[in-house]
Amino acid sequence: IKFGRDKDKHHSETEILNRWIHTINMRLKFNRLLTDSMRYGKKALKPETVLQTWNRVLQNEDNLLDNWIWKTEV
């Protein structure tokens, strides 16, 4: 909006999509890390909360392992 009709100043659809995916992946990573009860004690998120939050959001969810919260390759 700020740059008006100057197309060189706008983000491409690919860049917008990549930024969106990166943001979602970082949020997922933080949610997974916050389930670490050794590190966060009582403040840790319950794994069930993370599972419910991301239910029907992840790609190929049916193919994920049951313990995907603790696997780094999600």
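It should be emphasised that the depicted structure is a prediction, and the values quoted were computed from it without experimental measurement. (Residues numbered from 1 in each chain as written. Predicted model: local features only at pLDDT ≥ 70, side-chain atom pairs only at ≥ 80, totals over all residues. Heavy atoms only, no water.)

Visitor: Where do I start with the packing of helix α1 (residues 13-33) against helix α3 (residues 47-54) in this structure?
Guide: The N-to-C vectors of α1 and α3 enclose an angle of 160°; their axes lie 10 Å apart at closest approach. With respect to α3, the axis of α1 lies roughly antiparallel. Here Ile24, Arg27, Leu28 and Asn31 of α1 come into contact with α3, specifically with Val50, Thr53 and Trp54. For the contact of α1 with α3, the residue count by class is four nonpolar, two polar and one charged. (Axes fitted to C-alpha atoms, helices over the stretch in contact; angles between N-to-C directions. Helix = DSSP H or I, 4+ residues; strand = E, 2+ residues; numbered from the N terminus. Parallel < 35°, antiparallel > 145°, perpendicular 65-115°, else oblique. Contact = heavy atoms within 4.5 Å. Nonpolar A, V, L, I, M, F, W, Y, C, P; charged D, E, K, R; others polar.)

Visitor: How should I be thinking about a nonpolar patch on the surface in this particular structure?
Guide: On the surface, Phe30, Leu33, Leu34, Tyr40 and Leu45 cluster together into a nonpolar patch covering about 410 Å² of accessible area. Its place among the elements puts leucine 33 in helix α1. Overall, leucine 33 belongs to the partly exposed group, its relative accessible area being 43%. (Patch = residues over 30% accessible without salt bridge, like charges linked within 9 Å, V, L, I, M, F, W, Y side chains within 5 Å. Areas by Shrake-Rupley, 256 points an atom, 1.4 Å probe, with all protein chains shown as cover. Salt bridge = Lys/Arg side-chain N within 4 Å of Asp/Glu carboxyl O. Buried < 20%, exposed > 50% of the residue type's maximum accessible area, 1.4 Å probe, protein only.)

Visitor: Please clarify how the nonpolar core should be interpreted in this entry.
Guide: Counting six residues, the largest nonpolar core is built from Leu28, Val50, Trp54, Leu58, Trp68 and Ile69. The residues contacting valine 50, other than those within four sequence positions of it, are Asn31, Thr35, Leu45, Trp68 and Ile69. (Core = buried A, V, L, I, M, F, W, Y, C linked by side-chain atoms within 4.5 Å.)

Visitor: Would you mind going over the layout of surface pockets with me for this structure?
Guide: Regions of empty space are outlined by a rolling probe, equal in size to a water molecule, passed over the atoms. Empty space within the largest pocket amounts to approximately 290 Å³. Lining the largest pocket we find eleven residues, and of these Asn25, Leu28, Val57, Leu58 and Gln59 sit closest to its centre. With five residues, the single largest contributor to the lining of the largest pocket is α1. Among the residues making up the lining of the largest pocket, the classes are represented as nine nonpolar, two polar and no charged. (1 Å grid on protein atoms, 1.4 Å probe; cavity = no way out; pocket = protein on both sides within 12 Å on 5 of 7 lines; lining within 4 Å. Points joined across faces, edges and corners; volume = space filled by probe spheres on them.)

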